[in-house]
Amino acid sequence: MHHFKYRNNRLYCESVDIETIAEEVGTPFYLYSYKTLIDHYRKIRDAFKGLKPIICFSMKSNSNLSVCRALVKQGAGLDIVSGGELFKAQKIKADPRKIVYASVGKTALEIDKALRAGILFFNVESVPELIMIEKLCARLKKRAKVAIRVNPGVRADTHKYITTGTKENKFGIDENTAASIFRQREKFSHLDIVGIHIHIGSQITQREPFIKALKKASVLIRALRAQGVKIDYLNIGGGLGIIYHKERPQTAKEFAKAVVPLLKKLDVKLILEPGRFISGNSGILVTRVLYVKRSPSKNFMIVDAGMNDLMRPSLYSAYHDILPIRRSRATRRKFDVVGPICESGDFLAKERILSQSDEGDYLAAMGAGAYGFSMSSNYNARPRVAEVMVINGSYYITRNRESYEDLIRGEKIPKVLR
Ligand code: LLP
């Protein structure tokens, strides 16, 4: 469900005509629907409300300050993965007691900053990291809470780059090592090792892998409790799949119905880290057709957005629906929708049946609110695009399009080269 719908054959974001925004802001740009964003946050919050979880929005999916601020204002916490995300979280005055921090490679500086900020806990991914946090706590004379990220050895049926819970993945700690950390917790005199974290991957449409992982976590929690270990928190990660094309993912309600009974029995404080579920269908990428090129074997719509703006199709062969901002009855043909970048992997869509567009027409790549702008780059020296949000009938530029000057900010030419 989202609020990008046609009215009289023109695509609207809520009650705002997208073409009007495109004419005023220029293209390409990401466009977010506040209502869609909040609706999705509420869907997951309401589905789990009996357990009063902390819903930590996964900033890596979309760290636009306005997106995150909107969610934080609704009561969301944040799942962060870097000092940069912590910095952004602090900028929007997120409550640090609702911030959890996962990453296999937290640097000493990043840990230091998170300790000073007073985050809820670290999701620890290795023994050396645990030792590092203990050392830094001792130096700062602080205590820290940690959860151990357990790699449950569960394969989620998703793209191989975004499955994270199998034994070959770099994430988390195996169950036996995790158990021995808990047993030796006295060694870490500055740490309260109070939780278990699992996150098995992303864009998971079925419930079985989640249940499998959760059952493994439950077995571990029970075994540890039987040995006198206190476990207060269970962080079940993110990963809920959404509809890009023909997926039939479970709804938040269905997901909750399947896992809440298991969770209730555990009597833990629950943390969730959804990213895509909240932001994915809340955003689109609006682009303009530059040229329509027909070759003997293929038809191309060459648009002004490229793989540097939306990387998912190139990187994961991900499907994003392509919709015209103005629907017409023009002849439908098979097109590749490609960007201006000098790589054959630069496409937004391949072999799609679309009605013929003309130069200057606008198109939207749908479902681009998660891992869209956040994975964009300046490749080919292309300024990163603007981000815009529609809120209650008005649109706001929440991030300016980068300028050429932005492209060289921080660069220096050594004297010897001048
Ligand atoms: N928690 C942890 C520890 C994570 O690593 C992730 C995502 C999430 C939560 C949020 O997962 P979500 O609810 O959004 O599925 N760039 C890829 C997705 C990478 C996901 C990385 N980790 C894509 O565009 O599909």
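A. Geometry of the overall build of the protein chain. Along the protein chain, the regular secondary structure elements total 12 helices and 20 strands. Relative to a compact globule of 418 residues, whose C-alpha radius of gyration would be 22 Å, the protein chain shows 23 Å and is just as compact. With respect to the three principal axes, the spread of C-alpha positions in the protein chain is 70 × 60 × 40 Å. With 418 residues in all, the protein chain has 54% of them scored as buried. Contacts spanning at least 24 positions in sequence make up 70% of the contacts within the protein chain whose residues lie at least 6 apart. Total accessible area on the protein chain stands at roughly 19,500 Å², and carbon and sulfur atoms take up 51% of it. Within the protein chain, the 42 negative side-chain charges are centred at a point lying 5 Å from the centre of the 70 positive side-chain charges.

B. Molecular detail of the sheet that holds strand E1 (residues 4-7). The three strands are arranged E1-E2-E3 in an open sheet whose pairing can be described as antiparallel. The open sheet has two edge strands with one neighbour each: E1 and strand E3 (16-17). As judged from the four bridges shared by E1 and strand E2 (residues 10-13), these two strands associate in the antiparallel manner. In the strand pairing of E2, Tyr6 is matched with Leu11.

C. Broad picture of the pairing of strand E5 (residues 54-58). Most of E5 sits inside the fold, with five of its five residues counted as buried. Residues Ile54, Cys56 and Ser58 of E5 are buried on one face, and the alternating residues Ile55 and Phe57, pointing to the opposite face, are buried as well. Where E5 lies against strand E6 (residues 77-80), three bridges are found, and the strand directions are parallel. Looking across to E6, one finds that Phe57 is bridged to Leu78. Read from E5 through helix H3 (residues 65-73) to E6, the crossover connection turns out right-handed.

D. Focus on a nonpolar patch on the surface. Taken together, the side chains of Ile413, Val416 and Leu417 present a nonpolar region at the surface, about 360 Å² in accessible area. With respect to the secondary-structure elements, Ile413 resides in the segment after helix H12 (404-408).

E. A look at the side chain of Asn64. Tracing the backbone through its elements, the reader meets Asn64 in the loop between E5 and H3. Discounting residues that sit within four places of it in the chain, Asn64 has contacts with Tyr32, Lys88, Glu387, Thr398 and Arg399.

F. Region of interest: helix H9 (residues 252-266). Taking 1.5 Å of rise per residue, the 15 residues of H9 would be expected to cover 21 Å, and the 20 Å separating its terminal C-alpha atoms lies within 8% of that figure. At Val260, H9 is bent by approximately 40°, the largest bend along its length, and proline Pro261 sits one to four residues beyond. Those residues of H9 that fall on the buried side of the exposure criterion are Ala252, Phe255, Ala256, Ala258, Val259, Val260, Leu262, Leu263 and Leu266. In this structure, the buried residues of H9 make contact with helix H2 (34-47), helix H8 (208-226), strand E11 (233-235), strand E12 (269-272) and helix H10 (276-279). Just beyond H9, the residue with positive phi is Asp267, at close to 55°.

The rules we used
Residues numbered from 1 in each chain as written. Predicted model: local features only at pLDDT ≥ 70, side-chain atom pairs only at ≥ 80, totals over all residues. Heavy atoms only, no water. Helix = DSSP H or I, 4+ residues; strand = E, 2+ residues; numbered from the N terminus. Rg over C-alpha atoms; globule rule 2.2 N^0.38 Å. Buried < 20%, exposed > 50% of the residue type's maximum accessible area, 1.4 Å probe, protein only. Contact = heavy atoms within 4.5 Å. Areas by Shrake-Rupley, 256 points an atom, 1.4 Å probe, with all protein chains shown as cover. Lys, Arg positive; Asp, Glu negative; His and termini not counted. Charge placed at Lys NZ, Arg CZ, Asp CG, Glu CD. Pairing = 2+ DSSP bridges. Right-handed = clockwise from strand over helix to strand, strands pointing away. Patch = residues over 30% accessible without salt bridge, like charges linked within 9 Å, V, L, I, M, F, W, Y side chains within 5 Å. Salt bridge = Lys/Arg side-chain N within 4 Å of Asp/Glu carboxyl O. Expected span 1.5 Å × (residues − 1). Bend = angle between axes of the 7 residues up to and from the residue.

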